[in-house]
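Given next are the chains, with one letter for each unit.
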Amino acid sequence: LMELVARTLGNAAGLWLAGAVVRGLSVPGSPSTGMAVVNFLVVALVLALVNSVVKPVARFVAFPLYIITFGLFALVVNGLMLVLTSHVTDWLARVVSSGAPLGLHVAGFGSAVLGSVIVAIASAIMVGLLGPHEER
């Protein structure tokens, strides 16, 4: 549970940074800071769940491409996970329809790949800082 919380916070930080740096990747703003934080956390949680459930299957199916590209195909898979998160959050926004902006918008695959690199780095740093540590 603590790892999921740390990963969600890391994803939220990474999404904020990626939205600020990458053209074509955005998490819509809100009228209030509180709603913006909630939006980032919802999108980050969806990304954490997509990475936990869908990504292992995608990695298994694409294993030969990982071998052929010496692991660089991971960038494609990570970008696809961000695009999938965008679709899931768009669907959630339609289902919830609370009036507050919700979701992640990805303009293109290049934006998704670059954004996923930024999110992965920020998430790894946050999990390293906040995640569970084994006693030795």
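Cut-off values and rules
Residues numbered from 1 in each chain as written. Predicted model: local features only at pLDDT ≥ 70, side-chain atom pairs only at ≥ 80, totals over all residues. Heavy atoms only, no water. Helix = DSSP H or I, 4+ residues; strand = E, 2+ residues; numbered from the N terminus. Rg over C-alpha atoms; globule rule 2.2 N^0.38 Å. Buried < 20%, exposed > 50% of the residue type's maximum accessible area, 1.4 Å probe, protein only. Expected span 1.5 Å × (residues − 1). Contact = heavy atoms within 4.5 Å. Core = buried A, V, L, I, M, F, W, Y, C linked by side-chain atoms within 4.5 Å.

What should I look at first to understand the overall build of the chain in this one?
Helices and strands together make up the secondary structure of the chain, namely five helices and two strands. Counting from the amino terminus, helix and strand elements in the chain follow one another as α-β-α-α-α-β-α. For 136 residues, the compact-globule estimate of 2.2 N^0.38 gives 14 Å, and the C-alpha radius of gyration of the chain, at 15 Å, lies within 12% of that figure. Taken over the C-alpha atoms alone, the chain extends approximately 45 × 40 × 25 Å along its principal axes.

Explain unusual backbone geometry to me, please; I cannot follow it from the model alone.
Trans peptide bonds make up the majority, and among non-glycine residues the majority have a negative phi. Of note, the phi angle at Phe70 is positive, near 55 degrees, even though the residue is not glycine. Within the secondary structure, Phe70 is located in the loop between α3 (63-68) and α4 (73-96). Judged by relative accessible area, Phe70 falls into the exposed class, the value being 77%.

Teacher, can you tell me more about α4 here?
Each turn of an α-helix holds 3.6 residues, which means side chains three or four residues apart point in the same direction. In this model, α4 (24 residues) spans 34 Å end to end at C-alpha, consistent with the 34 Å of a helix rising 1.5 Å per residue. Within α4, burial applies to Phe73, Val77, Asn78, Gly79, Met81, Leu82, Thr85, Ser86 and Thr89. Buried residues belonging to α4 abut α1 (2-21), β1 (25-26), α2 (33-61), α3, β2 (105-106) and α5 (109-130).

Even after reading the chapter, I still don't get the environment of Trp16, so can you show me in this structure?
Its location among the elements puts Trp16 in helix α1. By relative accessible area, Trp16 is classed as exposed at 54%. Sequence separation between Trp16 and Ile118 is 102 residues; the distance between their C-alpha atoms is 9.8 Å.

Looking at this structure, I do not really get the nonpolar core. What am I missing?
Side chains that are nonpolar tend, in soluble globular proteins, to be buried together. Leu15, Leu25, Leu82 and Leu104 are the most contacted members of the largest nonpolar core, which has 16 residues in total. Where this core is concerned, the elements lending two or more residues are α1, α2 and α5. With four residues, α2 is the largest single contributor of residues to this core. With near-sequence residues (within four places) excluded, Leu15 lies in contact with Val27, Phe40, Val43, Ala44, Leu82, Leu104 and Val119. Counting residues in each nonpolar core, the second largest holds seven residues, with Val46, Ala62, Phe73 and Val77 among its members.

Any chance you could explain the environment of Ala120 here in plain terms?
The residue Ala120 is located in helix α5 in this model. Ala120 gets classed as partly exposed once you look at its relative accessible area, which sits at 40%. For Ala120 and Leu75, which are 45 residues apart along the polypeptide, the C-alpha to C-alpha distance reads 10 Å.

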